[in-house]
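A look at the structure
Residue-level listing of the chains:
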Amino acid sequence: MSQEDNESTYHHRARKRFGQNFLHDEHVIARIVRAITPGPGQKLVEIGPGQGALTAPLLAAAGELTAIEIDRDLAAMLRSRFAGNPGFHLIENDVLEVDFAALAPGPASLRIVGNLPYNISTPLLFHLLQQHPLIHDMLFMLQLEVVQRLAAQPGNGDYGRLSVMMQYYCEVEMLFKVPPGSFTPRPKVDSAVVRLTPRRPSPFAAVQPQALAHVVKAAFSQRRKTLRNTLKEVFSPVQMASLPVDTGLRAENLGVDDYVRLALILEQGGASA
Ligand code: SAM
């Protein structure tokens, strides 16, 4: 069966539980492929290939691609569509269960791309951050609101836990917005394409991820309260008295470097009893 036959005879009903909104806008697809500019020999991994809207042009440009798809029917369709292409590899699994170390030929080698299922985007981003030493870069389509949170700077209402944790590890670059009409079915929200590039070298001090996550979570647990209030569960009164930030401020006023300084204190001194 030819590729065209497969495409015309397979009719997939989009599954909401897997966040399926398929890209059909050729202009947007071309822009995404250009933003990735895959080269031969790169280790390209696509999360959620769906019906292959991005997979086909990416595979054509890169020669080799590993796709991770949870939906059995789509996985079967992709297998048959790309059956003649030895560069196409499919992992039929939940991406949150995938060990990216097994896919990476070496450090900083993975180029991860995808029009991500919006319902799991935040846990997925945290899952990927744990693997940052393996990643060269990531290019994702996400809900616009999530991209705004990823890229937000201190003082902005969108600035929060996701901004600090992502920006500690990665440079965040919003590339362009994508309207609902570019997808079938149409999502209810606007989308945007973002590039996330692990910082090499990092401008920040190395800190235990758990310490940073703990401080950031506590600080943003009540955004409107001052740090004097929100951080008292994390630091002892003695530590609180000599923190290197103004504790009269709110969480959204501290930069990533401030959170790193706080996490280092937590790491060195331990949490209060
Ligand atoms: N890339 C396609 C496109 O642009 O048309 C499909 C994008 S659609 C927004 C998200 C895709 O991710 C779907 O194919 C869906 O089945 C898949 N998906 C959802 N949850 C997943 C998970 N936990 N692991 C792997 N794939 C998942």
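**Description of the overall build of the protein**
Assigned secondary structure in the protein consists of 11 helices and 9 strands. Counting only C-alpha atoms and orienting by the principal axes, one finds that the protein spans roughly 75 × 40 × 30 Å. Across the 273 residues in the protein, those meeting the buried criterion constitute 49%. A separation threshold of at least 6 residues defines the contact pool for the protein, and within that pool the share at least 24 residues apart is 67%. Placing the 27 positive and 26 negative side-chain charges of the protein at their respective mean positions leaves the two points 7 Å apart.

**What to know about the sheet that holds strand S4 (residues 88–92)**
Strand order in the open sheet made by the 7 strands is S4-S3-S2-S5-S6-S9-S7, with mixed pairing throughout. Strands with a single pairing partner mark the edges of an open sheet, and in this sheet they are S4 and strand S7 (170–178). Recorded for the sheet is a direction-independent mean angle of 20 degrees between the axes of neighbouring strands. Relative to strand S5 (residues 110–115), strand S2 (residues 43–47) runs parallel, the two sharing 4 bridges. Counted as the bridge partner of glutamate 46 is valine 113 from S5. Running over the sheet, helix H4 (residues 72–81) touches strand S3 (65–69) and S4 and is turned about 165 degrees from S4. Along the sheet, helix H5 (residues 121–129) contacts S2, S5, strand S6 (135–143), S7 and strand S9 (191–198); its crossing angle with S6, the most-contacted strand, is approximately 175 degrees.

**Side note on the pairing of S6**
Counted residue by residue, S6 has 8 buried out of 9 residues, so it is predominantly covered. The pairing of S5 with S6 spans 6 bridges and is parallel. Residue leucine 110 lies in a different strand from S6, and its bridge partner there is isoleucine 135. For the crossover from S5 across H5 to S6, the handedness is right-handed.

**Topic: the pairing of S5**
The buried fraction of S5 is high, at 6 of 6 residues. Here S5 shows no split at all, with Leu110, Ile112 and Gly114 on one side and Arg111, Val113 and Asn115 on the other all buried.

About the criteria used
- In this convention, every chain numbers its residues from 1, walking through the sequence in written order.
- Local features are withheld for residues below a pLDDT of 70 in this predicted model, meaning they are given only at 70 or higher, and side-chain atom pairs are given and counted only at 80 or more; totals for whole chains, interfaces and linings count all residues.
- The side-chain values count all of the structure's non-hydrogen atoms but skip hydrogen atoms and water molecules.
- Where helices and strands are cited, they refer to DSSP runs of H or I of at least four residues and of E of at least two residues respectively, numbered from the N terminus.
- Accessible area is worked out with a 1.4 Å probe on protein chains only. A residue is then buried under 20% of its type maximum, exposed over 50%, and partly exposed in between.
- Residues are treated as being in contact if the distance between any of their heavy atoms lies within 4.5 Å.
- For this count, His and the chain ends are skipped, Lys and Arg are scored as positive, and Asp and Glu as negative.
- To locate a charge, take atom NZ for lysine, CZ for arginine, CG for aspartate or CD for glutamate.
- Two strands make a pair as long as DSSP finds a minimum of two bridges between them.
- Axes, fitted as lines to C-alpha atoms, cover a helix only where it is in contact. Angles between the N-to-C directions of the axes lie from 0 to 180 degrees.
- Look down the strands so they point away from you; if the path from the first strand over the helix to the second goes clockwise, the crossover is right-handed.

By themselves, these figures tell us nothing about what the structure is for.
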